[in-house]
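What follows is each chain in one-letter form.
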Amino acid sequence: MAITTVGTDGDDRAIEFLVRPEGTPEEGHFTIFREHGRGWEDARLAVDPAAGSVPVAAVEWAVEFAREYL
């Protein structure tokens, strides 16, 4: 599985991820974000319904990554 960070917003409150599981051409796309001034406990995960499926392992990895950078 390949996970790529697509970008962050200017205030580092959101990180977008692209996920491509091995052996599939389909990419999943999701974002982890938090509101300005709010703590990590209020962070949210957004998955675009048209963006394909997202493996749970990718979300687990992204959550750990986001904890370091959000």
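As shown above, the structure is provided for reference.
Conventions and cut-offs
Residues numbered from 1 in each chain as written. Predicted model: local features only at pLDDT ≥ 70, side-chain atom pairs only at ≥ 80, totals over all residues. Heavy atoms only, no water. Salt bridge = Lys/Arg side-chain N within 4 Å of Asp/Glu carboxyl O. Buried < 20%, exposed > 50% of the residue type's maximum accessible area, 1.4 Å probe, protein only. Helix = DSSP H or I, 4+ residues; strand = E, 2+ residues; numbered from the N terminus. Phe/Tyr/Trp six-rings, centres within 6.5 Å; stacked < 30°, edge-to-face > 60°. Pairing = 2+ DSSP bridges. Contact = heavy atoms within 4.5 Å.

Re the pattern of salt bridges
Argument step 1. Applying the stated criterion to the full structure yields 2 salt bridges.
Argument step 2. Arg20 is the salt-bridge partner of Glu27, the closest N and O atoms lying 2.9 Å from each other.
Argument step 3. Residue class for Glu27 comes out partly exposed when judged on its relative accessible area of 34%.
Argument step 4. Here Glu64 and Arg67 are joined by a salt bridge, their closest N and O atoms 3.3 Å apart. Within this pair, Glu64 and its partner Arg67 are both found in helix α1 (residues 56-69), separated by 3 residues, close to a single helical turn.
Argument step 5. Judged by relative accessible area, which is 45%, Arg67 ranks as partly exposed.

Considering the packing of aromatic side chains
Argument step 1. Going through the model one piece at a time under the given rule, you end up with 4 aromatic pairs.
Argument step 2. Ring centres of Phe17 and Phe30 lie 5.2 Å apart, and the angle between their planes is 20°; this geometry places the pair in the stacked category. Of this pair, Phe17 sits in strand β2 (residues 14-20) while Phe30 sits in strand β3 (residues 28-33), and the two are 13 residues apart along the sequence. In terms of burial, Phe17 and Phe30 fall into one category: buried.
Argument step 3. Ring geometry for Phe17 and Trp61: centres 6.3 Å apart, planes at 85°, overall edge-to-face. With Phe17 in strand β2 and Trp61 in helix α1, this residue pair connects regions lying 44 residues apart in the sequence.

Details of the pairing of β3
Both faces of the sheet carry side chains from a regular strand, because those side chains alternate between them.
Argument step 1. Alignment of β2 against β3, held across 6 bridges, turns out to be antiparallel. Bridge pairing in β3 places Phe17 opposite Phe30.
Argument step 2. Pairing geometry for β3 and strand β4 (residues 44-47), over 4 bridges, is antiparallel. Note that in β4 the partner of Ile32 across the bridge is Leu45.

Section: the environment of Leu18
Argument step 1. Within the element layout of this structure, Leu18 appears in strand β2.
Argument step 2. Here Leu18 is in contact with Ala2, Ile3, Thr4, Val6, Glu27, Gly28 and His29, once residues within four sequence places are set aside.

A word on the environment of Ser53
Argument step 1. Relative to the assigned elements, Ser53 resides in the loop between β4 and α1.
Argument step 2. Between the alpha carbons of Ser53 and Val19 there is a distance of 8.9 Å; along the sequence they are 34 residues apart.
Argument step 3. With residues up to four places along the chain from it excluded, the contact list for Ser53 reads Glu26 and Gly28.

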